[in-house]
Amino acid sequence: MSLMFREGALDLLILAGPRLSHWPSVGVRTLARITADFGLNVGVYGGDDLSPRGIMPLPGTGAIALLQDVQGRVHRMRGRAIARIGARAELPDPFDGWYSDGLIPLSTAHRLIGAGDRSHLSWGPATVILGTGNAALQFGVDLIERFGVEVACIEVNTQWGAKRFAAWEVIRRRFEVLGGRIIEARPLSLRRMSAQLWELRVEDARGVKILEATRVVSAGPFRTTAGLREFPPGSMLFELEATASPSKRQDFEGWYSEEERARALAVRIIKGLVADLGGRREELDRIQKRARARLKRIEQHRLAPFSPSYQGKWVSPGDAKQVRAFAGVPQTEHHRRPVASIECFEAIVCNLCETACPEGAIQFSKDRTEILIESKCTACGLCLPACPSSTPLLLQEKEGAANAQITLPWRNHKPWRVGELSTLVNRRGESLGSGRVSAVTPVEGSTAPPMQLVQVEVPAHLAWDARGLRRLGVPDERYREGDQDHAARIEIQLNGERRLVRDGVPIVEALYETGQSRPREMLFCPDGSCGMCQVEVDGVKKLACKESMHPKLSLKLERETGAPDPDLLCPCLKVTLNEVRERIRQGKLESPEAVISATHVGEGRCHGQLCIEGFRRVLASEGLVGADAWIDWRFPWSDWVLTTSSNVKNQ
Amino acid sequence: MAEVDLVLIGNGLAPLITAARLVRDGRSVLLLNPDRDFFEEDSELSFDPFFPWPETRQLQSRLKEAELDSLIQVLRPEFPGSVEVWPGDSRDPRAPYIRSRSRLVLSQARADELLVLADDLGFAPAEFEGIKALKAFPGVSPRRTDAQGLRGVLVPRLGDVDVSRYRNGVLEFVRERIGASAIACGASQIDFMDDAVRFLAGGYPQTIRTQQVVIYWTPKLTSWVLSQCRAAEQKPSVLPQLRLWEEWSVISRDPLDPGVIGHFNELCIWAGIEGAAAPHAPTDGDAFKRMQILRPGRLLLADEMERFWASKESFVSLELLINEFMAWDRFRVRGLKVRALFERSPADESSFRSWNLARGDLEPKVVVGVDGPIAGVVAAGARVAEELA
């Protein structure tokens, strides 16, 4: 009845932090591959096999990591270098009511939305997303396309270089074409209005606005984050932010940036640990140079954005000229036949359309002065579904003809039929007029909602402005709220009361669906690694994310009492933002450790998962040098439960 | 070139206490901290863990030192604001608290000696046997009923301190008194000249003329102190040994009695609270359920530390305590703080030592014994000030 204790030592330990969406991600694979290729002994620990519990930095470099396997055995590994893969920072700076069940981080929203064309959770009539990164807008697009709900994205930080939002222009355009709104404002408060309705007050340049939302999804980014840190400097203890989604298409920027950061990290680790690189130094330098250049390119779109300016509903004449002269749009061929138009004006790192084109008609040159080779384009339309932002279209504009033909991708449960009339919208989602559907081609293999390529006949003068479709007059019947299968529901006891829930779903999901969730469930991780959602199931304490609903289940929830402080930063220990600021200023504290020792932020049951990013931003705003590079290495990373069956004994 | 009377080099509480006293006496000081901030090393303990178990004479004096009134006498004059006492009529919930807690030592071997000593000192100790001893110990599960052969002595009115609040309060006070410019954190390349100290802080080289330098030798500064000794072609007059200390924080199923600190084998166990042991104290909904376990590890050389942090021995002793003695079926680890402190010899009444590091005209004074239980650290800081006066 004893847990075994194993010792080991490796050059590099790659460890999964809590709440990772998938493991191993592209960054982990890249890092492991390159470092192993250079002769380092690498251990990759995460997922179901070996769960890292935390590390203890050693004097100098390296650390001891403690891990636990599925049989409860403890493994103590010494690593000369450590790379912790940390979950994406998604929670906002504290505001009144942020810690409530009305707000969920994007990763939780992704888990709750589920696959297919139905969500048993209500997202309508309106959902608000905090943040305007690509992942945020992409999620907004998904919500609109799948459920037809209203979505507004709020940009809380307007310091994005020349741009006033974080995402790529093409994704923003897609979001706006579908009817999504972007608001620049600062959230002030979030209060419950009814069981499934929340009131979000925001403040913009003109004053306070009230938004009513079924849910607020916090996606970020809220500041430019390092994404790759080493702390303390020179310690070989690194944290790599996991930004990649399971599929490249879901968030290309996140995927790409994680891969390149992993490449840069691999180079740093190899240079730090391998004494004699021999003839491979040049190879390593090449990898480093490439990673640096690519990482630089990721930020480029914020520094030199191109977003056409408008006069009313129309692109201003100067910018219209620039649009027509752009290297991605056809110059001549479209007067004779349909040709692809790649209206991706910014220098972004995505190349999904290029890889999808079988003819090689799309080739992004380094300076983006060449993109489309018109003569090679066969108008096969494969680039249209390949783009997550639905930017490419097919364009035919015969000279002298009254009408032009444009073909746009359409993802919706209600397909178009030939002959139907549609409303045409411009790049900002404003109505321009109407067009007639002249051909419809279903896209094979597209998942719910299904995708079509819709050819529309548009008045010739709208050919360069109409970039989206809407149904005339009536709203789309894409999702009917409450259209759920009651037959599959079972009866359970929740705090002694009868409730109907879906059979076999994780308890956390059922709590959200029935409006019984608690704020602490907002972290909803796939593997129980956050350790926050403890409930009493049939008299035994268990994690709600790991247990499923079954008939006659008895569930007891421990509720948090009292209204949280309006400027709550650390919900577990009830530490407020003002307290932290006051301690820093009064004590003239200069390091995060000193602030933690004075305030105890992150010492509660969440181990900083709810508050440490907000805390880091407070430190930065208070002028603590190096706050952005700081990593919280306190042990363990989340509550670690050891049972009697996991006692320690000699091996 | 700026001039001060004294330059104090250290990263903990002791140099602050010395500085506060010297400034009060009208002397000018400069505090140099090689760390980014004070207390990063966290080398002060909130109470005396009596480990290794002292010899009779030393145990007597250490019991006296740990007594609530003695503790207040040492700590209060050095703290600028109010120091609250618990239990008591607390007024300021944010002030540092000196808590009066009983110590329950479960040990057949030590019971008689402790009983006699504590009685002689007027503590009115109580002796517990069997199930009574078990019930009085913090954290033991009600499921455990077998208490055969258990014997313990409860010594009331010993004190422990809110270390973090106390030292941050002192830091704020000292900063205000001597001015932020007289404290340089992150000081590096410290070099002693005949009548001045040269160092790098905030990216700028600075030279300060001074008459005296005091170095507070805490474990983290060991390699730097030894390098200074080598440079001065001197051997340190004392070479203290390091002991590893692990402070585990686990969540108990049942609330713990906040009024008792238990000693089981070499471990100290108590309810982790800040401020007064009252429901308003900041907790995460688990009022009095956070159980702190202080475990002394091995005596070691600095380069050996990694071998023993959270090692198999740690888990074995945790298992012995929690699973076997307390009869919990599971436990939840909330935190683990690891630190190395200089070992205080069981034969020593105080760990305070100092000697002069001969280096030209400027003879830096090296002080040892400025880590460990907070009362000892404060007393050492005050003593340095007295010696310099």
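Residues numbered from 1 in each chain as written. Chains lettered and ligands numbered in written order. Predicted model: local features only at pLDDT ≥ 70, side-chain atom pairs only at ≥ 80, totals over all residues. Heavy atoms only, no water.

### Quick notes on the overall build of chain B
Here comes step 1: Across its full length, chain B holds nine helices and 19 strands.
Here comes step 2: The C-alpha atoms of chain B give a radius of gyration of 22 Å, which matches the 21 Å a tight globule of 389 residues would have.
Here comes step 3: With respect to the principal axes defined by its C-alpha atoms, chain B has extents near 70 × 45 × 40 Å.
Here comes step 4: Expressed as a percentage of the 389 residues in chain B, the buried residues total 61%.
Here comes step 5: Considering only residue pairs separated by 6 or more positions, chain B has 74% of its internal contacts joining residues 24 or more positions apart.
Here comes step 6: Counting every atom, chain B has about 15100 Å² of accessible surface; 48% of that belongs to carbon and sulfur.
Here comes step 7: Distance between charge centroids for chain B: 3 Å, based on 47 positive and 56 negative side chains. (Helix = DSSP H or I, 4+ residues; strand = E, 2+ residues; numbered from the N terminus. Rg over C-alpha atoms; globule rule 2.2 N^0.38 Å. Buried < 20%, exposed > 50% of the residue type's maximum accessible area, 1.4 Å probe, protein only. Contact = heavy atoms within 4.5 Å. Areas by Shrake-Rupley, 256 points an atom, 1.4 Å probe, with all protein chains shown as cover. Lys, Arg positive; Asp, Glu negative; His and termini not counted. Charge placed at Lys NZ, Arg CZ, Asp CG, Glu CD.)

### A short note on the overall build of chain A
Here comes step 1: A tally of helices and strands in chain A yields 13 helices and 33 strands.
Here comes step 2: Relative to the 2.2 N^0.38 estimate, which gives 26 Å for 651 residues, the radius of gyration of chain A is 26 Å and therefore close to what a compact globule would have.
Here comes step 3: Principal axes of the C-alpha set define a box for chain A whose edges measure 85 × 70 × 50 Å.
Here comes step 4: Put simply, chain A has 651 residues, and 59% of those count as buried.

### Re the interface of chain A and chain B
Here comes step 1: With 50 residues of chain A at the contact, the number on the chain B side is 41 residues.
Here comes step 2: At the boundary of chain A with chain B, the tally comes to seven salt bridges.
Here comes step 3: Residue B:Arg94 pairs with A:Glu582 through a salt bridge whose shortest N-O separation is 3.9 Å.
Here comes step 4: If you look at where chain A meets chain B, you find 19 residue pairs in polar contact (both at pLDDT 80 or more).
Here comes step 5: Those elements that place two or more of their residues in the side of chain A that touches chain B are strand 3 (50-57), strand 4 (63-69), strand 5 (74-86), helix 11 (577-587), helix 12 (592-599), strand 32 (640-643) and strand 33 (648-649) of chain A.
Here comes step 6: The class makeup of the residues in the side of chain A that touches chain B is 22 nonpolar, 15 polar and 13 charged.
Here comes step 7: Note that strand 32 of chain A and strand 16 (residues 330-342) of chain B share four bridges and pair antiparallel. If you follow A:Leu642 over to strand 16 of chain B, its bridge partner there is B:Phe331. (Salt bridge = Lys/Arg side-chain N within 4 Å of Asp/Glu carboxyl O. Polar contact = N/O pair within 3.5 Å; in protein donor to acceptor, adjacent residues only side chain to side chain. Nonpolar A, V, L, I, M, F, W, Y, C, P; charged D, E, K, R; others polar. Pairing = 2+ DSSP bridges.)

### Describing the environment of A:Ile342
All names here are of chain A.
Here comes step 1: Looking at the secondary structure, you find isoleucine 342 in the loop between strand 18 (339-341) and helix 8 (352-356).
Here comes step 2: Separated by eleven residues in the primary sequence, isoleucine 342 and cysteine 353 have C-alpha atoms spaced 8.6 Å apart.
Here comes step 3: Residues within four places of isoleucine 342 in sequence aside, it is in contact with Phe326, Gly328, Val329, Cys353, Ile362, Phe364, Ile371, Leu372, Cys383 and Pro392.

### Observations concerning the sheet that holds strand 18 of chain A
Residue and element names in this part refer to chain A.
Here comes step 1: With respect to topology, seven strands assemble into an open sheet ordered 18-19-20-23-22-21-24, the strand pairing being antiparallel. With partners counted over all chains shown, the strands left at the sheet margins are strand 18 and strand 24 (468-471), one partner each. Within the sheet, the average angular offset between the axes of one strand and its neighbour, ignoring direction, is 40°. (Axes fitted to C-alpha atoms, helices over the stretch in contact; angles between N-to-C directions.)

### So, the confidence of the model for chain A
Residue and element names in this part refer to chain A.
Here comes step 1: Here chain A averages 89 in pLDDT, and 95% of its residues register 70 or above.
Here comes step 2: In this model residues 476-484 is a low-confidence stretch, pLDDT under 50, and it forms 26 contacts with partners more than four residues away in sequence or in other chains.
Here comes step 3: Low pLDDT (under 50) marks residues 646-651, which in the prediction has 25 contacts with non-local residues, meaning those over four places away or in another chain. (pLDDT = per-residue confidence, 0-100.)

### Observations concerning the pairing of strand 13 (residues 215-218) of chain A
Residue and element names in this part refer to chain A.
Here comes step 1: Residues Arg215 and Val217 of strand 13 are buried on one face, and the alternating residues Val216 and Ser218, pointing to the opposite face, are buried as well.
Here comes step 2: Note: strand 6 (residues 103-105) against strand 13, three bridges, orientation parallel. Its bridge partner being in strand 13, proline 105 is matched across the sheet by serine 218.

### As for unusual backbone geometry
Residues and elements named next belong to chain B.
Here comes step 1: Omega for the peptide link from phenylalanine 51 to proline 52 comes to -10°, which places this bond in the cis form.
Here comes step 2: Looking at where proline 52 falls in the secondary structure, it is placed in the loop between strand 3 (44-45) and helix 2 (56-66).
Here comes step 3: Geometrically, the link from tryptophan 86 to proline 87 is a cis peptide bond, its omega value of -5° lying close to zero.
Here comes step 4: Position of proline 87 relative to the elements: it lies in the loop between strand 4 (84-86) and strand 5 (97-106).
Here comes step 5: At arginine 157, a position not held by glycine, the phi torsion is positive, near 60°.
Here comes step 6: By the element assignment, arginine 157 lies in strand 7 (residues 151-161).
Here comes step 7: Despite not being glycine, glutamine 189 shows a phi value in the positive range, around 50°.

### Topic: the state of the cysteines
Residue and element names in this part refer to chain A.
Here comes step 1: If you walk through the whole model with that rule in mind, you get zero disulfides over all chains.
Here comes step 2: With no disulfide of its own, cysteine 357 lies closest to cysteine 380 among cysteine sulfurs, the gap being 5.9 Å.
Here comes step 3: Cysteine 545 forms no disulfide, and the closest cysteine sulfur to it belongs to cysteine 533, at a distance of 3.7 Å.
Here comes step 4: For cysteine 545, a relative accessible area of 10% translates into the label buried. (Disulfide = S-S within 2.5 Å.)

### Quick notes on the pattern of salt bridges
Here comes step 1: Going through the model one piece at a time under the given rule, you end up with 83 salt bridges over all chains.
Here comes step 2: Ionic pairing is found between A:Lys271 and A:Asp285, a salt bridge with its closest N-O pair at 3.1 Å. Placement of the pair is A:Lys271 in helix 5 (residues 252-273) and A:Asp285 in helix 6 (residues 281-303), with a sequence separation of 14 residues.
Here comes step 3: A salt bridge links A:Arg280 to A:Glu283; the nearest nitrogen and oxygen atoms lie 3.1 Å apart.
Here comes step 4: A single salt-bridge network, built from bridges that share partners, covers B:Asp42, B:Glu44, B:Arg167, B:Glu247, B:Lys337 and B:Arg339.

### Considerations on the packing of helix 1 (residues 26-37) of chain A against helix 5 of chain A
Residue and element names in this part refer to chain A.
Here comes step 1: For the pair helix 1 and helix 5, interaxial distance at closest approach is 8 Å and the crossing angle is 30°. When the axes of helix 1 and helix 5 are compared, the pair comes out roughly parallel. Considering how the two elements wind past one another, helix 1 and helix 5 form a crossing that is right-handed. Seen from helix 1, the contacting residues are Val26, Gly27, Val28, Arg29, Thr30, Leu31, Arg33, Ile34 and Thr35; seen from helix 5, they are Trp255, Glu258, Glu259, Ala262, Arg263, Leu265, Ala266, Ile269 and Ile270.
Here comes step 2: Residues that form the contact of helix 1 with helix 5 fall into these classes: ten nonpolar, three polar and five charged. (Parallel < 35°, antiparallel > 145°, perpendicular 65-115°, else oblique. Left-handed = near helix turned anticlockwise from the far one by under 90°.)

### With respect to the packing of aromatic side chains
Here comes step 1: The tally for this structure, following the rule as stated, stands at 21 aromatic pairs over all chains.
Here comes step 2: A centroid spacing of 6.5 Å and a plane angle of 75° characterise the contact between B:Phe137 and B:Phe264, whose relative ring orientation is edge-to-face. Here B:Phe137 is found in the loop between helix 5 (130-136) and strand 7, whereas its partner B:Phe264 is found in strand 13 (residues 260-264), with 127 residues between them in sequence.
Here comes step 3: Among the aromatic residues, those joined into a ring-pair cluster are A:Phe635, A:Trp640, B:Trp248 and B:Phe315.
Here comes step 4: A:Arg215 extends its terminal NZ or CZ atom over the ring of A:Trp123, reaching a point 5.9 Å from the ring centre.
Here comes step 5: A cation over an aromatic ring shows up here: A:Arg428 above the ring of A:Tyr310, its NZ or CZ 4.2 Å from the ring centre. (Phe/Tyr/Trp six-rings, centres within 6.5 Å; stacked < 30°, edge-to-face > 60°. Lys NZ or Arg CZ within 6 Å of the ring centre and 35° of its normal.)

### Let's talk about the side chain of A:Ser107
All names here are of chain A.
Here comes step 1: Within the secondary structure, serine 107 sits in helix 2 (residues 106-113).
Here comes step 2: Side-chain polar atoms of serine 107 contact the side chain of arginine 19, separated by 3.4 Å.
Here comes step 3: Sequence-distant contacts of serine 107, defined by excluding residues within four places in its chain, comprise Arg19, Ser21 and Glu90.

### Describing the nonpolar core
Here comes step 1: By size, the foremost hydrophobic cluster in this structure holds 124 residues, and its most contacted members are A:Trp123, A:Leu200, A:Ile342, A:Met549 and A:Leu555.
Here comes step 2: Leaving out residues up to four positions away in the same chain, A:Leu555 has contacts with A:Gln493, A:Leu494, A:Asn495, A:Ile507, A:Leu511, A:Val535, A:Glu536, A:Val537 and A:Met549.
Here comes step 3: The next biggest cluster of nonpolar side chains, apart from the first, holds 81 residues, and it includes B:Phe39, B:Leu68, B:Leu75 and B:Cys185. (Core = buried A, V, L, I, M, F, W, Y, C linked by side-chain atoms within 4.5 Å.)

### Some details on the packing of helix 5 of chain A against helix 6 of chain A
Residue and element names in this part refer to chain A.
Here comes step 1: Two numbers describe how helix 5 lies on helix 6: the axes approach to 9 Å, and their chain directions differ by 145°. Once helix 5 is placed against helix 6, the crossing between them reads as left-handed.
Here comes step 2: When its residues are assigned to classes, the contact of helix 5 with helix 6 shows nine nonpolar, three polar and eleven charged.

### Description of helix 4 (residues 108-120) of chain B
Residue and element names in this part refer to chain B.
Here comes step 1: For helix 4, the principal kink sits at leucine 114 and spans about 25°.
Here comes step 2: Of all the residues in helix 4, the buried ones are Ala111, Leu114, Leu117 and Ala118.
Here comes step 3: On its buried face, helix 4 sits against helix 2, strand 5 and strand 7.
Here comes step 4: One side-chain oxygen at the N-terminal end of helix 4 lies 3.4 Å from the backbone nitrogen of alanine 109; it belongs to serine 107.
Here comes step 5: Once helix 4 finishes, glycine 122 follows within two positions and takes phi at roughly 80°, a positive value. (Bend = angle between axes of the 7 residues up to and from the residue.)

### Description of empty space enclosed by the protein
Residue and element names in this part refer to chain A.
Here comes step 1: Applying the stated criterion to the full structure yields eleven cavities of 30 Å³ or more.
Here comes step 2: The computed volume of the largest cavity comes to approximately 180 Å³.
Here comes step 3: In terms of lining residues, the largest cavity is bounded by 16 residues, among which Arg174, Val177, Ser390, Arg467 and Gly468 are the most central.
Here comes step 4: Every element with two or more residues in the lining of the largest cavity is listed here: helix 4 (169-177), strand 20 (403-411) and strand 24. (1 Å grid on protein atoms, 1.4 Å probe; cavity = no way out; pocket = protein on both sides within 12 Å on 5 of 7 lines; lining within 4 Å. Points joined across faces, edges and corners; volume = space filled by probe spheres on them.)

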